[in-house]
Amino acid sequence: MKSQTNQFNIITGSDKLSSLKYLVPLVLLSAVSAVAVVKMGIAVGIVITALPLVSFYLFWLFRKPVVGFYSALVLDFTLIGISRYIPGDVQIGLAMDAVLLLTYLAILFERFYDRVDWKPVRKDVTLLAAIWFGYSVLEFFNPETVSHAAWFSGMRGISLYMLLMIPLALKFVDTRRKLNTFLTLWGVFSILISLKGIVQMTVGVDPFEKQWLSGAAGQTHLIFGHLRAFSFLSDAGQFGANQAYSAVVATIVAFAERGTRRRFFFLSVAALGFTGMFLSGTRGAMSIPLAGFFLYFILRKNVWVMVSGLVLLVMVVLFFRMTYIGQSNQFIRRMRSAFNPNDPSLQVRLENQRLLKAYLATRPIGGGIGQAGVKAKPYTGNTFLSNTPTDSWYVLIWAEQGIVGLALHLFILLYILIKSAYLIMYKIRNPVLKMKMAALAAGYFGVMVASYGNAVLGTMPTSLLIYTSMALMMNSPHFDNQSPL
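What you are looking at is a predicted structure, and each value in this text was computed from that prediction instead of being measured.

Let's talk about unusual backbone geometry
At the junction of methionine 460 and proline 461, the peptide bond is cis and its omega measures out at 5 degrees in the coordinates. Here proline 461 shows up in the loop between α18 (431-450) and α19 (462-474). The backbone of serine 231 shows a phi angle near 55 degrees, a positive value even though the residue is not glycine.

The structure is reproduced here in structure tokens:
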């Protein structure tokens, strides 16, 4: 039976503007925004105009704290890209700190009259994150530290986000359905990142990206007139490594999925991820699929899969190491140089490491967090550490936190890897869950290996994905004990 409702009698949201209660505030907001734009610039006007949206977001966040967790993941993928379109020296990175801290505040307010259930968070991985953060705090008092502002800037990516993200992942990704949601969100953004990189290589960069390339970034992203794609990430190195990481995880997850649509989706993520890896021209990214799939073949505990997989990996290495096939292609040519032990850039890195070894011989706790590499120069000026490129993530940890910090960091990474591998191989019974956890472990190991050549592990978006993966892998028995979907 058709509805008899008179469409002209329906009151819509726009009808409320006929009331002064709604119309006056809207007119005042518009007037204030217009005056602010004229007097103080467009940025201030945008801030004022965004206030209602921010208010709504905060209301939503405090009603449902899980919003904060997923907001952090969205910012993880987009924050650096957004910064290219904001003029001036705006500390946009602090938005991540604000979202994470507000999420914890929202959790406390949600259970204001009750006790917050922190039981899901009480895991060894949380304790390890707390220990690592504690060591970073002690580095504040490192006598070699030149700038404590640099310590604050560097500490956030090295340990603070790890400490804040792992408990949130344990608390909010606590079912297999939520695990699938996390993997899907990751896949969607991975596709967008790759598509943006493809647009840069085919259509070209936009005016804001062109301005970015006109500075120091052009020296590493325009090689002999050829662009290295960087998408909306920090640089081509992070673009290539993150897309290789996403491709490894997506490939394995695709074979774990039973539904045709989800399998096709993750295969698309994988294909575009590998495309992004090559478009970046990042040589170190090659180690992620090589190491990641190597671990996956071992985790399968299937002799046929292990042997055939290892043969395939050997063939890939031989293709790059022993042949010149495809040498005319700039991307293959650059990837092939990663297998050359006499590569000039490798020799420069080794020389830098020799210099650091002499400097750190009498500094077991390093030169202080945030004090090493080009990023430190705005804070510390021309010091030895700021003038010595670190390149590698592990070299960065070594230079800033010494052999003590490096040993602790490697212990934490290897403990999580070994325990996760043990759980996957001997404890998880559900075959689909086993494959998905193996996918996370393979990607995690690939990033660990790649971090020897580049500072991959501590840079967004890879960093927060790694920290979330740490929590999920170590929580795999909890997922396994749930009933199937």
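Some remarks on empty space enclosed by the protein
Going through the model one piece at a time under the given rule, you end up with one cavity of 30 Å³ or more. The calculated volume of the largest cavity comes to roughly 60 Å³. As for the largest cavity, its lining consists of Leu183, Trp186, Gly187, Ser246, Val249, Ala250, Val253, Phe266 and Val269. Of all the secondary structure elements, the ones that give two or more residues to the lining of the largest cavity are α7 (176-202), α10 (236-256) and α11 (260-280).

Observations concerning the environment of glutamine 482
On the secondary structure map, glutamine 482 appears in the segment after α20 (476-480). Between the alpha carbons of glutamine 482 and aspartate 174 there is a distance of 9.8 Å; along the sequence they are 308 residues apart. In contact with glutamine 482, other than residues within four places in its own chain, are Asp174, Thr175 and Arg176.

A look at the nonpolar core
If you look at the biggest cluster of nonpolar residues, it comprises 119 residues, and the most contacted ones within it are Met437, Tyr467 and Met470. In terms of residues, this core owes the most to one element, helix α17 (residues 393-427), which gives 15 residues. In this structure methionine 470 touches Val125, Met162, Ile166, Leu413, Ile416 and Tyr444, once residues within four positions along its chain are discounted.

Here's the deal with the pattern of salt bridges
A complete count under the given rule lists 11 salt bridges for this structure. The shortest N-O distance in the salt bridge between glutamate 144 and arginine 363 comes to 3.5 Å. Taken together, the residues span a long stretch of sequence, with glutamate 144 in the loop between α5 (124-138) and α6 (148-172) and arginine 363 in the loop between α15 (344-360) and α16 (377-380) at a distance of 219 residues. Residue classification places arginine 363 among the partly exposed residues on the basis of a relative accessible area of 23%. Put simply, aspartate 480 and arginine 429 hold a salt bridge, and the shortest N to O gap is 3.3 Å. In this pair, aspartate 480 sits in helix α20 while arginine 429 sits in the loop between α17 and α18, placing the two residues 51 residues apart along the sequence. Members of the salt-bridge network, linked through shared partners, are Lys196, Asp206 and Glu209.

A closer look at the packing of aromatic side chains
Summed over the entire model, instances satisfying the criterion amount to 19 aromatic pairs. Plain terms: the ring middles of phenylalanine 62 and phenylalanine 109 are 5.8 Å apart, the flat faces sit at 80 degrees to each other, and that makes the pair edge-to-face. Pair noted here: phenylalanine 62 is in helix α2 (residues 42-63) and phenylalanine 109 is in helix α4 (residues 94-110), with a separation of 47 residues, a long-range link. For phenylalanine 62, a relative accessible area of 27% translates into the label partly exposed. On the basis of relative accessible area, phenylalanine 109 is assigned to the partly exposed category, the value being 45%.

Thoughts on the side chain of threonine 468
Residue placement: threonine 468 occurs in helix α19. Within polar-contact distance, the side chain of threonine 468 engages the backbone oxygen of leucine 464 at 2.8 Å. In contact with threonine 468, not counting residues within four places along its chain, are Phe69, Leu73, Met165, Ala169 and Phe182.

As for α19
Structural remark: α-helix, 3.6 residues per turn; residues separated by three or four positions point the same way. For α19, built from 13 residues, the straight-helix expectation of 18 Å at 1.5 Å per residue is met to within 8% by its first-to-last C-alpha distance of 18 Å. With 13 of 13 residues buried, α19 lies mostly within the body of the structure.

Some points on the confidence of the model for the chain
Of all residues in the chain, 82% have pLDDT values of 70 or greater, and the mean over the chain is 84. Between the elements of the chain, mean pLDDT differs from a low of 61, seen in helix α1 (residues 20-40), to a high of 96, seen in α5. For residues 5-14, every residue scores under 50 in pLDDT, and the model assigns this stretch two contacts once sequence neighbours within four places are set aside.

Basis of the calculations
Residues numbered from 1 in each chain as written. Predicted model: local features only at pLDDT ≥ 70, side-chain atom pairs only at ≥ 80, totals over all residues. Heavy atoms only, no water. Helix = DSSP H or I, 4+ residues; strand = E, 2+ residues; numbered from the N terminus. 1 Å grid on protein atoms, 1.4 Å probe; cavity = no way out; pocket = protein on both sides within 12 Å on 5 of 7 lines; lining within 4 Å. Points joined across faces, edges and corners; volume = space filled by probe spheres on them. Contact = heavy atoms within 4.5 Å. Core = buried A, V, L, I, M, F, W, Y, C linked by side-chain atoms within 4.5 Å. Buried < 20%, exposed > 50% of the residue type's maximum accessible area, 1.4 Å probe, protein only. Salt bridge = Lys/Arg side-chain N within 4 Å of Asp/Glu carboxyl O. Phe/Tyr/Trp six-rings, centres within 6.5 Å; stacked < 30°, edge-to-face > 60°. Polar contact = N/O pair within 3.5 Å; in protein donor to acceptor, adjacent residues only side chain to side chain. Expected span 1.5 Å × (residues − 1). pLDDT = per-residue confidence, 0-100.

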